[in-house]
Amino acid sequence: MKLNSLKLLLSSLQTPTQALEEVAEIWSEWRRQKLPLYLFLALCFNLIVAPVVYAASSHEFSRTQAWALGLLGLGTLALSVYLFFVMFVPEKF
């Protein structure tokens, strides 16, 4: 039984050129769509911001509230930067 599944697995493997083409396609798609990367980086940055908010509130907020306030602050900052560029460099948008 294991031998049959191994043969099936080996037959379904792609040639190296097909695999490289798929990796190149994924890479080019990632280069075009940056929003998921930005969201991931914002969440990672919030891992630093949320404990600071929690500590600054002297434990008046719960951890969930501190996390939400951190995300709200990051969202507000991102929107401010975006609107600043839209106002002063409108021909790009």
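You'll find the structure just up there.
Residues numbered from 1 in each chain as written. Predicted model: local features only at pLDDT ≥ 70, side-chain atom pairs only at ≥ 80, totals over all residues. Heavy atoms only, no water.

Empty space within the largest pocket amounts to approximately 200 Å³. For the largest pocket, the full set of lining residues is Leu35, Tyr38, Leu39, Leu41, Ala42, Phe45, Leu71, Leu74, Gly75 and Ala78. Considering each element in turn, the lining of the largest pocket owes the most residues, 6 residues, to helix H3 (residues 35-56). Taken together, the residues that form the lining of the largest pocket break down as 9 nonpolar, 1 polar and no charged. (1 Å grid on protein atoms, 1.4 Å probe; cavity = no way out; pocket = protein on both sides within 12 Å on 5 of 7 lines; lining within 4 Å. Points joined across faces, edges and corners; volume = space filled by probe spheres on them. Helix = DSSP H or I, 4+ residues; strand = E, 2+ residues; numbered from the N terminus. Nonpolar A, V, L, I, M, F, W, Y, C, P; charged D, E, K, R; others polar.)

Moving on: the side chain of Asn46. With respect to the helices and strands, the residue Asn46 is situated in helix H3. Apart from residues no more than four positions distant in its own chain, Asn46 is found in contact with Pro51, Trp67, Gly70, Leu71 and Leu74. (Contact = heavy atoms within 4.5 Å.)

What follows concerns a nonpolar patch on the surface. Among the surface-exposed residues, Leu43, Phe45, Leu47, Ile48, Trp67 and Leu71 lie close enough to one another that they form a single nonpolar patch of about 560 Å² accessible area. Those elements that place two or more of their residues in the nonpolar patch are H3 and helix H4 (63-88). For the nonpolar patch, the leading source of residues is H3, giving 4 residues. Tracing the backbone through its elements, the reader meets Phe45 in helix H3. (Patch = residues over 30% accessible without salt bridge, like charges linked within 9 Å, V, L, I, M, F, W, Y side chains within 5 Å. Areas by Shrake-Rupley, 256 points an atom, 1.4 Å probe, with all protein chains shown as cover. Salt bridge = Lys/Arg side-chain N within 4 Å of Asp/Glu carboxyl O.)

This part covers H3. Taking 1.5 Å per residue as the helical rise, H3 with its 22 residues ought to reach 32 Å, and the 30 Å between its terminal C-alpha atoms agrees with that figure. Within H3, the full set of buried residues consists of Asn46, Val49, Ala50 and Tyr54. In this structure, the buried residues of H3 make contact with H4. Ser58, located one to two residues past H3, shows a positive phi value of around 50°. (Expected span 1.5 Å × (residues − 1). Buried < 20%, exposed > 50% of the residue type's maximum accessible area, 1.4 Å probe, protein only.)

Turning to the packing of aromatic side chains, a few remarks are in order. Within this structure, the stated rule accounts for 2 aromatic pairs. When the ring of Phe84 is compared with that of Phe85, the centres are 5.7 Å apart and the planes differ by 80°; the resulting orientation is edge-to-face. Residue Phe84 is classed as partly exposed on the basis of its relative accessible area of 48%. Taken together, a centroid distance of 4.8 Å and an interplanar angle of 55° make the contact between Phe84 and Phe88 tilted. Taken as a pair, Phe84 and Phe88 lie in helix H4 at a separation of 4 residues, close to a single helical turn. (Phe/Tyr/Trp six-rings, centres within 6.5 Å; stacked < 30°, edge-to-face > 60°.)

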